[in-house]
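# An overview of the molecular structure
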2 protein chains.
Amino acid sequence: MPDFQFSCPIPIDQYPHVLMAHGGGGKLMQQLIQKMFLPAFGNNGKPSTLQHDSALLKIPTELIAFTTDSYVIHPLFFPGGDIGSMAVYGTVNDLAMSGARPSYISVSFILEEGLPMKTLWNVVQSMRRAAMEVGVQIVTGDTKVVDKGKGDGIFINTAGVGIVEYPYAIAPQSIRPGDVILLNGDIGRHGIAIMAMREGLEFETTIKSDSAPVSNVVLELLKVGVTIHCLRDLTRGGLASALNEIAQTSGMAIQVDEGLIPVREDVRGACEILGFDPLYVANEGRFIAFVPQGKVEKALAILRSHNSDACGIGSVIGRSNRNMGLVTLQSQIGANRILDLLSGEQLPRIC
Amino acid sequence: MPDFQFSCPIPIDQYPHVLMAHGGGGKLMQQLIQKMFLPAFGNNGKPSTLQHDSALLKIPTELIAFTTDSYVIHPLFFPGGDIGSMAVYGTVNDLAMSGARPSYISVSFILEEGLPMKTLWNVVQSMRRAAMEVGVQIVTGDTKVVDKGKGDGIFINTAGVGIVEYPYAIAPQSIRPGDVILLNGDIGRHGIAIMAMREGLEFETTIKSDSAPVSNVVLELLKVGVTIHCLRDLTRGGLASALNEIAQTSGMAIQVDEGLIPVREDVRGACEILGFDPLYVANEGRFIAFVPQGKVEKALAILRSHNSDACGIGSVIGRSNRNMGLVTLQSQIGANRILDLLSGEQLPRIC
């Protein structure tokens, strides 16, 4: 990005911190929008839509995907990512889970009074880079400031609009007995990276979050004609919760094989120390795809070209008893156990 | 809404307050979604899209409007409204300001741990009523919970998708010399209602917020063929800031006549006590429309059928010096003064 300035465009000596007035609708808010948000998020010099109450967008299809997520992660910066890139990737990934091409996102900040202006600028730059990487346009936004002690640095909401180019019903209701469940990489890194940082734990190597966009790999699968019955990213609640939600919505029985699920040794070790089960730990660049048997080889080849850990981890067995949905885990010693939703809170503020 | 239950669907004796686990991706979050959000926001019994990562929406036009706003208002409930209805109306109004028909919105909650469950339920019910009133569907959402002391009860983000049925360029760049500026009612009530409540001020009658949706009146104007060059709602920064933003973006000189701007007597009195200028006070159901002279009569008839205080308040004079944009106010004693953007923060957390 040689076209872009790297020093904070708001004079730090004059405004070292975010003030209530930066969200007040007056001169300071206008300065923040004009000097920081428009240059960073504006459409490469083209007239931006960010200055109107809403953005007008051309839609080339009859179907769009629409999603939203708020990001309250603590800390704001962590090994492998930060709240800014995560807020872009997370919403992009949610659109990808419908098979849509992520096209437009909105960005809404809730800033805490007293936030260092430099921190905001670093987050904004990270969002810019992430949006450019994914090819999504930031087209509309909002900024609010809350009193010191009534927020926590930065909360970000992103909503996204995706263009549905392949109008297949990619949804839990579409899964069928015999479908193979593919996973696009090792699990547990995001949650453990955050917890290790919060707890001040040090391992031989730093565990980095897996935070990444997955839209390109999903679109690649669709482009080469891989039939995908369902997709789900493995964020809050991890793999176990994603499997449970799909089983419950579809009424199907699902079985996965613990020995096939890739977990890095350091992540497994950290989970043992912290008392976590990696199956429930949040990821930010991992998803599962339900694919009919005949398309597995083709799909795996593509998934592995992005991440060599990608693999099949289980399959859909058939209708479950009373259509309640059921996930069983075959452990490495051969025993089966039911994999349930967690009752409590394992990892707060992980995204 | 005889079809709807009015008692809180989450057992209050068991969960009197929001817990961190209500945002954790496990059983409690699923209970909140299944028992509270889906019945309240679900599409009148039709299968809801709220359970997927993103919602799939049919778009009958080639152009959509897309907007977002976060709501951090304090207090959550105030005379004439609450954060829930405001979060629906505000985003609906932003879509209307592009001439779009508000069709779909997302709802994302950032809840503070310890929030009374009953408060959340009251806000959710208010959002349901507001969405039904406006005819907008809540199609996707998100819930995050932050630690006690790291939020302030409830923050809400809503993003909106509107269908553009009248593809006119309703934007500051479209205003022309001679355009008349119409205002759809009296100003200053929302901000003063909030401040009076915060300061514990009592007046003879309670000043109620003007919080209301304006999409229907805008669509009515468009339907009967009123040419609208620009629309802007008068939220943060009030009428003065909206006029300034439009003047600056268009490079035009705008003049308004103070004596024509309707401000209720009690609002004027409260402004004097609190030291506010009603021209800068936030509204939540007021907008200005820039309309060519020939359409003023038709437009005013429609605006007045909704609010008898609607009136013309000024006009576009012509290009401003060096295209910088300029707003002048003709005072009631005939003197002209420049109406500028505010430098500081007048009313924090008003929306």
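Definitions and limits used
- Residues numbered from 1 in each chain as written.
- Chains lettered and ligands numbered in written order.
- Predicted model: local features only at pLDDT ≥ 70, side-chain atom pairs only at ≥ 80, totals over all residues.
- Heavy atoms only, no water.
- Contact = heavy atoms within 4.5 Å.
- Buried area = accessible area lost by both parts, 1.4 Å probe.
- Salt bridge = Lys/Arg side-chain N within 4 Å of Asp/Glu carboxyl O.
- Polar contact = N/O pair within 3.5 Å; in protein donor to acceptor, adjacent residues only side chain to side chain.
- Nonpolar A, V, L, I, M, F, W, Y, C, P; charged D, E, K, R; others polar.
- Pairing = 2+ DSSP bridges.
- Helix = DSSP H or I, 4+ residues; strand = E, 2+ residues; numbered from the N terminus.
- Axes fitted to C-alpha atoms, helices over the stretch in contact; angles between N-to-C directions.
- Parallel < 35°, antiparallel > 145°, perpendicular 65-115°, else oblique.
- Least-squares fit on C-alpha atoms with pLDDT ≥ 70 in both.
- Domains from an automatic or database assignment.
- Buried < 20%, exposed > 50% of the residue type's maximum accessible area, 1.4 Å probe, protein only.
- Lys, Arg positive; Asp, Glu negative; His and termini not counted.
- Core = buried A, V, L, I, M, F, W, Y, C linked by side-chain atoms within 4.5 Å.

## Considerations on the interface of chain A and chain B
Across the contact, 79 residues belong to chain A and 79 residues belong to chain B. The largest share of the area that chain A buries against chain B comes from Asp53, Phe66 and Arg236 of chain A, three residues that together contribute 14% of it. For the salt bridge of lysine 27 of chain A with aspartate 340 of chain B, the shortest nitrogen-to-oxygen distance reads 3.2 Å. On the surface where chain A and chain B come into contact, there are 32 residue pairs in polar contact (both at pLDDT 80 or more). Of the residues in the side of chain A that touches chain B, the class split is 33 nonpolar, 28 polar and 18 charged. Relative to strand E2 (residues 63–71) of chain B, strand E1 (residues 55–58) of chain A is paired through four bridges, and the arrangement is antiparallel. Paired with alanine 55 of chain A across the two strands is phenylalanine 66 of chain B, which belongs to E2 of chain B.

## Focus: the packing of helix H1 (residues 27–41) of chain B against helix H3 (residues 117–134) of chain B
Residue and element names in this part refer to chain B. Running from amino to carboxyl end, H1 crosses H3 at an angle of 25 degrees, the nearest separation of the two axes being 9 Å. Comparing the axis directions of H1 and H3 gives the class roughly parallel. Only Met117, Leu120, Trp121, Val124, Met127 and Arg128 of H3 make contact with H1, whose side of the interface consists of Leu32, Met36, Phe37, Pro39, Ala40 and Phe41.

## Regarding the relation of the copies chain A and chain B
Overlaying chain A on chain B yields an RMSD of 0.0 Å, the required transformation being a rotation through 180 degrees with an accompanying axial translation of 0.0 Å. A rotation of that kind, with that shift, is consistent with a two-fold axis. In terms of proximity to the rotation axis, the leading residue of chain A is glycine 151 of chain A, whose C-alpha is 2.2 Å off the axis. With an isologous cut-off of 70% or more, the 100% of interface residues of chain A that recur at the interface of chain B puts this contact in the isologous class.

## A short note on the domain arrangement of chain A
Residues and elements named next belong to chain A. In terms of domain boundaries, chain A breaks down into domain 1 (20–164) and domain 2 (172–338). When each unit is reduced to the centre of its C-alpha atoms, the spacing between domain 1 and domain 2 is 28 Å. At the junction of the two partners, domain 1 supplies 20 residues and domain 2 supplies 22 residues. Together, the buried faces of domain 1 and domain 2 total about 1800 Å²; carbon and sulfur atoms form 66% of this surface. It is Pro79, Asn93 and Met97 that lose the most area in domain 1 upon contact with domain 2, and together they represent 33% of the buried surface on that side. For the pair domain 1 and domain 2, the number of links is zero salt bridges. The interface formed by domain 1 and domain 2 contains five residue pairs in polar contact (both at pLDDT 80 or more). Elements represented by at least two residues in the side of domain 1 that touches domain 2 include exactly strand E3 (77–78), helix H2 (83–96), strand E5 (101–112) and helix H3 (117–134).

## Comments concerning the pattern of salt bridges
Applying the stated criterion to the full structure yields 28 salt bridges over all chains. Across the pair arginine 264 of chain A and aspartate 266 of chain A runs a salt bridge whose closest N-O atoms are separated by 2.7 Å. Given a relative accessible area of 30%, arginine 264 of chain A falls into the partly exposed group. Each member of the salt-bridge network shares a partner with another, and the members are Asp69 and Arg236 of chain A together with Asp142 and Lys144 of chain B.

## Thoughts on the sheet that holds strand E12 (residues 311–319) of chain B
Residues and elements named next belong to chain B. An order of E9-E11-E8-E12-E10-E13-E14 is seen for the seven strands of this open sheet, with the pairing classed as mixed. Where the open sheet ends on each side, the last strands, each with one partner, are strand E9 (230–233) and strand E14 (336–338). Between one strand axis and the next, the sheet turns through 25 degrees on average, direction left out of account.

## A look at the side chain of aspartate 82 of chain B
Residue and element names in this part refer to chain B. Within the element layout of this structure, aspartate 82 appears in strand E4 (residues 81–82). Notably, aspartate 82 is buried but unbridged: the nearest opposite-charge side chain belongs to arginine 129, and the N-O separation is 5.5 Å. If we skip the residues at most four places from it in the chain, aspartate 82 touches Leu76, Phe77 and Ser126.

## Digging into the nonpolar core
Most often, soluble globular proteins have nonpolar side chains that are buried together. Counting 83 residues, the largest nonpolar core has Met36, Phe109, Leu120, Leu243, Ile254, Ile288 and Phe290 of chain B as the members making the most contacts within it. With nine residues, the single largest contributor to this core is H3 of chain B. Formed jointly, this core draws a minimum of three residues from each of two domains, domain 1 (20–164) and domain 2 (172–338) of chain B. In contact with isoleucine 254 of chain B, not counting residues within four places along its chain, are Ile175, Ile181, Leu243, Ile246, Ala247, Phe290, Ser315, Val316, Ile317, Leu326, Val327 and Thr328 of chain B. By size, the runner-up hydrophobic cluster in this structure holds 82 residues, among which are Tyr89, Phe109, Val145 and Ile288 of chain A.

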